[in-house]
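Notes for the structure review
The residues making up each chain are set out below.
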Amino acid sequence: MNDRSDSLDLPEKSHTDLLKTRQFIQDDIVGLLLADRRSENTRRAYAADLNDFFRFAFRVLPTPEGVRRFLSLTAAEMTALLFRYKAHLMERGLAEATVNRRLAAIKSLVRFARRLGLTDVVLEGRIVGERVRPYRDTTGVDGVTARELVSSIDTTTLVGKRDTVLMLLLLENALRRAEIVALRVGDYDAVSGTLSITGKGRGTQKECIRLSARLQEALRTYLEASGHGGSDSAPLLISLSNCRRGQALTADGVYKIVRTRAKACGIGKPVSPHRLRHTAITLALDLSKGDIRRVQRLSRHARLETLQVYDDNRQDLQGEISDMLSRYLSDEASSKSV
């Protein structure tokens, strides 16, 4: 048998084919960049951020010509443009996190172009974002209100059965919206009472969480009533609107359900799915007497420091110390004894 590699008839790309490939890359670099992002939310945010930048810089959307024009700039020209754009964003009064996200989208575009050999510019270290303290506001709703959000649902209807499952996923398991809308029927194991979720920043790797007996019963009741529990690939939570009935519940759909349920309970302040995640984490810290390591299993935060922020906020340590100082300063007898 002749196993020499030079006996294989391997096709070679012609010079014309290579030029066509390079032209395609240049013409659709933004599309390729967005396709490289796993999260639909990230793709949508990147697209919006790049649109905003190119409107500012070139008065057009990121067309192939506009992208080529941007990538042809020198490092100094590109940096100066980004400094002007950053100043423009701050003049508009945008939050620091939004400014940083938009700058990050542009840096990602340049890095991606560099990987493809379309620029030699390195922006890292040339322009930095604004300092942002993460998780400044971890407030949700109080425990009584959280209980009412679940108990007020009419579970005799299919909508009520579905919304009960949704609320318990948020309040008992602190799931994120993206994690909820990605769930499929096959992710639920009725035998073990567990649910496999695609966590934030974990790609396609799933992690297993155990559901309470109450949520397992709510899930069983909902799937029996909906009739779609026999298909593992079907979305776990489905839309029940006339135009999208049977399709996967969207992130916007989850938000609207939470907002509607909160208004029905007479909650005045805005309530979002992420606020209910905050609620679950804060309540868990209260009930576990601040056991950060145990609550980390619920929140699935990578860093314990993030849970420390939640714990500090729920205890209002600063407020307690300020009250102590106030009592001391207003107590004449104590002041004289020091």
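Whatever comes next refers back to the structure up there.
We now turn to the structure provided with this report.

Rules used in this analysis
- Residue positions are given per chain, counted from 1 along the sequence in the order it is written.
- Local features are withheld for residues below a pLDDT of 70 in this predicted model, meaning they are given only at 70 or higher, and side-chain atom pairs are given and counted only at 80 or more; totals for whole chains, interfaces and linings count all residues.
- To obtain the side-chain values, all non-hydrogen atoms of the structure were used and water was disregarded.
- Pairs of strands are assigned from DSSP output, requiring at least two bridges between the strands.
- Runs of E in the DSSP output that reach at least two residues are strands. Runs of H or I that reach at least four are helices, and both are numbered from the N terminus.
- Within 6.5 Å between ring centres, the rings of Phe, Tyr and Trp (the latter by its six-membered ring) count as paired, and their orientation is classed by plane angle as stacked under 30 degrees, edge-to-face over 60, tilted in between.
- Accessibility here uses a 1.4 Å probe with only protein chains present; expressed as a share of the type maximum, an area under 20% marks a residue as buried, one over 50% as exposed, and anything in between as partly exposed.
- One side-chain nitrogen of Lys or Arg within 4 Å of one carboxyl oxygen of Asp or Glu is enough to make a salt bridge.
- Surface patches are defined over residues having more than 30% relative accessible area and no salt bridge, joining like charges when they lie within 9 Å and nonpolar side chains (Val, Leu, Ile, Met, Phe, Trp, Tyr) when within 5 Å.
- Here the Shrake-Rupley method, with its probe set to 1.4 Å, supplies the accessible areas, and only the displayed protein chains count as covering residues.
- Definition of a polar contact: a pair of N or O atoms within 3.5 Å, with one able to donate and the other able to accept a hydrogen when the atoms are protein atoms, and with sequence-neighbouring residues admitted only if both atoms are side-chain atoms.
- By the convention used here, residues are in contact when the closest approach between their heavy atoms is within 4.5 Å.
- Remark: nonpolar core denotes a set of buried residues (Ala, Val, Leu, Ile, Met, Phe, Trp, Tyr, Cys) joined through side-chain atoms within 4.5 Å.
- Directions drawn from the helix axis to the C-beta atoms are what define this arc.

**Overview of the sheet that holds strand β2 (residues 194–198)**
- Pairing within the open sheet is antiparallel, and its 3 strands lie in the order β1-β2-β3. Of all the strands in the sheet, just β1 (188–189) and β3 (206–210) have a single pairing partner and so form its edges.
- Two elements, β2 and β3, share 5 bridges in a ladder whose sense is antiparallel. Within β3, the residue paired with threonine 194 across the bridge is arginine 210.

**Observations concerning the packing of aromatic side chains**
- Scanning the entire structure with this criterion turns up 6 aromatic pairs.
- With a centroid separation of 5.3 Å and 80° between ring planes, the pair formed by phenylalanine 53 and phenylalanine 54 is classed as edge-to-face.
- With relative accessibility at 0%, the residue phenylalanine 53 sits in the buried group.
- An angle of 35° between the planes, with centres 5.7 Å apart, marks the rings of phenylalanine 54 and phenylalanine 58 as tilted. Of this pair, phenylalanine 54 and phenylalanine 58 both sit in helix α3 (residues 40–58), 4 residues apart, which is roughly one turn of that helix.
- Look at phenylalanine 54 and you get buried, because its relative accessible area is 0%.
- In this structure an aromatic cluster arises from ring pairing among Phe53, Phe54, Phe56, Phe58, Phe70 and Tyr85.

**Section: the pattern of salt bridges**
- The tally for this structure, following the rule as stated, stands at 14 salt bridges.
- The partner of aspartate 163 in a salt bridge is arginine 162, with the nearest N and O atoms 2.9 Å apart.
- A relative accessible area of 3% places aspartate 163 in the buried class.
- Between arginine 261 and aspartate 163 there is a salt bridge, with its nearest N and O atoms 2.8 Å apart. Separated by 98 residues along the polypeptide, arginine 261 in helix α11 (residues 251–264) and aspartate 163 in helix α8 (residues 158–171) bring together distant segments of the chain.
- Salt bridges linked by common partners bring Asp49, Asp52, Arg92, Arg101 and Arg102 together as one network.

**Structural notes on the pairing of β2**
- Where β1 and β2 come together, 2 bridges link them in antiparallel fashion. Note on β2: the bridge partner recorded for tyrosine 188 is leucine 195.
- Here β1 folds back onto β2 in antiparallel fashion, the turn holding 4 residues, of which glycine 193 has a positive phi close to 70°.

**A few points about a nonpolar patch on the surface**
- A contiguous nonpolar patch, built from Ile321, Met324, Leu325, Tyr328 and Leu329 and spanning about 510 Å² of accessible area, is present on the exposed surface.
- Along the chain, the position of isoleucine 321 falls in helix α15 (residues 317–330).
- Relative accessible area serves as the criterion here: at 46%, isoleucine 321 is assigned to the partly exposed category.

**So, the side chain of threonine 119**
- Secondary-structure assignment places threonine 119 in the loop between α6 (96–115) and α7 (143–151).
- A distance of 3.2 Å separates the side chain of threonine 119 from the backbone nitrogen of valine 121, its partner in a polar contact.
- Excluding residues that lie within four positions of it along the chain, threonine 119 makes contacts with Leu71, Val110, Ala113 and Arg114.

**A short note on unusual backbone geometry**
- Although it is not a glycine, arginine 59 sits at a positive phi angle of roughly 60°.
- Inspection of the secondary structure assignment puts arginine 59 in the loop between α3 and α4 (64–71).
- Residues other than glycine seldom take positive phi values, yet lysine 289 does so here, at roughly 60°.
- With respect to the secondary-structure elements, lysine 289 resides in the loop between α12 (273–287) and α13 (292–299).
- Residue classification places lysine 289 among the exposed positions, given a relative accessible area of 76%.

**A closer look at the nonpolar core**
- Core analysis: the biggest nonpolar cluster contains 40 residues, and Val165, Leu169, Ile180, Leu195, Leu219, Leu237 and Leu276 have the highest contact counts within it.
- With 7 residues, the single largest contributor to this core is α8.
- Those residues in contact with valine 165 that sit more than four places away from it in its chain are Leu215, Ala218, Leu219, Tyr222 and Leu237.
- Among the nonpolar cores identified, the runner-up in size contains 30 residues, and Val30, Phe54, Phe70 and Leu71 belong to it.

**Here's the deal with the environment of arginine 114**
- Inspection of the secondary structure assignment puts arginine 114 in helix α6.
- Residue classification places arginine 114 among the partly exposed residues on the basis of a relative accessible area of 28%.
- For the pair formed by arginine 114 and leucine 71, sequence separation is 43 residues and the distance between their alpha carbons is 9.3 Å.
- Each residue touching arginine 114, except ones within four places of it in the same chain, is listed here: Thr119, Asp120, Val121, Val122 and Glu124.

**Some points on α13**
- Every buried residue belonging to α13 is among Ile292, Val295, Gln296 and Ser299, and all of these are buried. The arc that holds every buried residue of α13, seen down its axis, measures 115°, which confines them to one face. Of the residues in α13, the exposed ones pointing more than 90 degrees away from the buried face are Arg293, Arg294 and Arg297.
- Turning to α13, the residues buried within the fold contact α12 and α14 (304–315).
- Positioned one or two residues after α13, arginine 300 has a phi angle of 60°, which is positive.

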